[in-house]
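Summary of the model geometry
These are the residues of each chain, in order.
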Amino acid sequence: MEVNDALIDNLSNLARLEFNASEKESIKKDLEKMIHFVEKLGELDTTGVEPLLHMSPEINVLREDIPQGSVSREAALSCAPVTDGQYFEVPKVIRK
Amino acid sequence: MAIEQQQPLNAYIRVYSKEALAKARLLDQQRKEGKPMGKLHGVVIGLKDVIAYKDHPLTAASHILQDYVSIYNATAVDKMLAEEAILIGHLNCDEFAMGSSNENSAYGKVLNARCNSRVPGGSSGGSAVAVQAGLCMVSLGSDTGGSVRQPADFCGILGLKPTYGRVSRYGLIAYASSFDQIGIFAHTIGDVALLLEVIAGVDEFDSTVKKEKAPVWKEAPDQKYRIAYFKEALDHPGLDPEIREAILTRTEQWRQAGHTIEAIDFELLGYIVPAYYVLTTAEASSNLARFDGVRYGYRTKDKDLELTEFYKRTRSEGFGREVKRRILLGTFVLSAGYYDAYFTKAQQVRQLLVERTNLIFKNFDIIILPTAPTTAWRIGEKMDDPIAMYLADIYTVYANLTGIPGISIPLFGHTNGMPFGVQAMTSHFNEVSLLQFSHQMMQQ
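Residues numbered from 1 in each chain as written. Chains lettered and ligands numbered in written order. Predicted model: local features only at pLDDT ≥ 70, side-chain atom pairs only at ≥ 80, totals over all residues. Heavy atoms only, no water.

Looking at an unreviewed UniProt entry, one finds chain B named Glutamyl-tRNA(Gln) amidotransferase subunit A and attributed to Puia dinghuensis. According to the UniProt record, the Subunit (unreviewed entry) comment for chain B reads "Heterotrimer of A, B and C subunits." One UniProt comment on chain B, placed under Function (unreviewed entry), says "Allows the formation of correctly charged Gln-tRNA(Gln) through the transamidation of misacylated Glu-tRNA(Gln) in organisms which lack glutaminyl-tRNA synthetase. The reaction takes place in the presence of glutamine and ATP through an activated gamma-phospho-Glu-tRNA(Gln)." (UniProt positions renumbered as here; feature names shortened; annotations may be inferred.)

Chain A is annotated in an unreviewed UniProt entry as Aspartyl/glutamyl-tRNA(Asn/Gln) amidotransferase subunit C from Puia dinghuensis. The UniProt entry for chain A carries the following comment under Subunit (unreviewed entry): "Heterotrimer of A, B and C subunits." The UniProt entry for chain A carries the following comment under Sequence similarities (unreviewed entry): "Belongs to the GatC family."

Next comes the structure, spelled out in structure tokens:
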């Protein structure tokens, strides 16, 4: 299939990525090659085959319903680029 | 020390020498006092830089994690520390374990110690070279599509990928969660077995680990095996004829020694790399969504961005090219209109592969394949063509798609001067047989 600008723009937006004009050209070519490569799967008849969803042999792995702590607030915030000491900070969401 | 002299190999991203020396002194002291020794007492171990070690940086060889410091230990790390291992440092790799040559690292490429103009393989290139060059005794890597077995093959050492669900993935940075396993590099089967025994087993933080005791291998009397190989794999046009010849000659020797060898048809071979790339990129696009510049990791310096633009800028500046490529392909195969044709289709192919594999193991103990179609290639040789790089994984992704354990056994030398191995696989959770077989084949 042909990979056009609209497809790249849509996918970049969904993936929260951005590409400048020259990057876009090269990623377009790469993606076209990659999609062509995986299209080979279409040659195989898989009618009636259940998709494999889980790799682990374990099912219903449950534990007792006992509340447990996780990491402390200090630890959780320790690697954040910007915090106010209590919360993670993001750029202002609601603008005037 | 050796690691400093071998710095040009670029195997380590960080070395914890002071800490390691202090730990060694403490262990010496305790031993003298007669304290019982742990199973890994004083064993010097390197970690791929995707395995969390509390209070130490962890980068996945990516800019996006450049200032990250782990706030907990991976379960495998906890278990090794409990057995008195010395963790010497974090090892270089391809960014987020995506690559087959260790050329995609924010910390630069790693060189093969056997020939410095060649790649060490990937993605766990640093982990392989560290063991190859004696910069640690054993090391851990991670194997999503061959990232332990292929670099072991390129560096002339042992590399084991355990069964999916054998070793806890807690604290392993996720690439493709239904494929990832922590794997082991070493020179001897005894070392592989001991480390596996320590890091395997149930973990309340990873529900996919099988509820079974860790496998314990002890040298056993020689056994006769029923061995299969895939005709299509040995006849593949991309396979180096010298590798093909070496493996066929060796299997003939095994036959004469009383093992059963049979060439079987495996008509699905051509579909395994495409199925692998659909499923792993899909899982990666989801797993890597967590890197948002808010909770940890790199955050764009650009100010006054709207929130969505802020995420896009941060991620685009933080991730390298191969990672972005794979996220985009994964987003494509999961997107509306393409989901069934690509993602569901690949899951169906995965089902067929598992069914076929289970049938094979009704009649055979071991499957033999090459580990890689060529020996280590020259640095830069495959950087321009992602597909050429992906096809280098043709023999290794099979074990990750089906979940079975696989090992690369270093048995051969090529006329180009590079080592190579053969890959052996058994049925699920049958590592003890796999280790016994490998040990036997290395003795001959």
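1. Some points on the side chain of A:Thr46
Structurally, A:Thr46 can be placed in the loop between helix H2 (21-38) and helix H3 (73-77). For A:Thr46, a relative accessible area of 6% translates into the label buried. If sequence neighbours within four positions are ignored, A:Thr46 has contacts with B:Lys345, B:Gln348, B:Val349 and B:Leu352. (Helix = DSSP H or I, 4+ residues; strand = E, 2+ residues; numbered from the N terminus. Buried < 20%, exposed > 50% of the residue type's maximum accessible area, 1.4 Å probe, protein only. Contact = heavy atoms within 4.5 Å.)

2. Notes on the environment of B:Thr357
All names here are of chain B. Looking at the secondary structure, you find Thr357 in helix H12 (residues 339-363). Along the backbone, Thr357 and His439 are 82 residues apart, and their C-alpha atoms lie at a distance of 24 Å. The residues contacting Thr357, other than those within four sequence positions of it, are Tyr398, Thr402 and Ile404.

3. Regarding the nonpolar core
Residue and element names in this part refer to chain B. Core analysis: the biggest nonpolar cluster contains 144 residues, and Met80, Phe96, Leu140, Ile368, Tyr398 and Phe437 have the highest contact counts within it. Per element, the largest residue contribution to this core is 11 residues, and it comes from helix H9 (residues 269-287). Those residues in contact with Tyr398 that lie beyond four places of it in its chain are Phe230, Phe266, Ile272, Thr357, Ile360, Ile367, Leu369, Ile404 and Met425. Counting 22 residues, the second-largest nonpolar core is a separate cluster that includes Ile3, Val131, Cys136 and Cys155. (Core = buried A, V, L, I, M, F, W, Y, C linked by side-chain atoms within 4.5 Å.)

4. Notes on the environment of B:Val50
Residue and element names in this part refer to chain B. One can find Val50 in the loop between strand E2 (44-48) and helix H3 (75-82). Taking the C-alpha atoms as reference, Val50 lies 25 Å from Gly38; in sequence the two are 12 residues apart. Not counting residues within four places of it along the chain, the set of residues in contact with Val50 comprises Leu58, Ala60, Cys93, Ser142, Gly171, Leu172 and Ile173.

5. Let's talk about the pattern of salt bridges
Going through the model one piece at a time under the given rule, you end up with 26 salt bridges over all chains. The shortest N-O distance in the salt bridge between A:Glu43 and A:Lys40 comes to 3.1 Å. Salt-bridge contacts for B:Arg166 lead to B:Glu212; the nearest nitrogen and oxygen are separated by 3.6 Å. Taken together, the residues span a long stretch of sequence, with B:Arg166 in the loop between strand E5 (158-161) and strand E6 (181-186) and B:Glu212 in the loop between helix H6 (189-199) and strand E7 (226-230) at a distance of 46 residues. Several salt bridges share partner residues, and in doing so they unite A:Asp30, B:Arg321, B:Glu322, B:Arg325 and B:Arg326 into one network. (Salt bridge = Lys/Arg side-chain N within 4 Å of Asp/Glu carboxyl O.)

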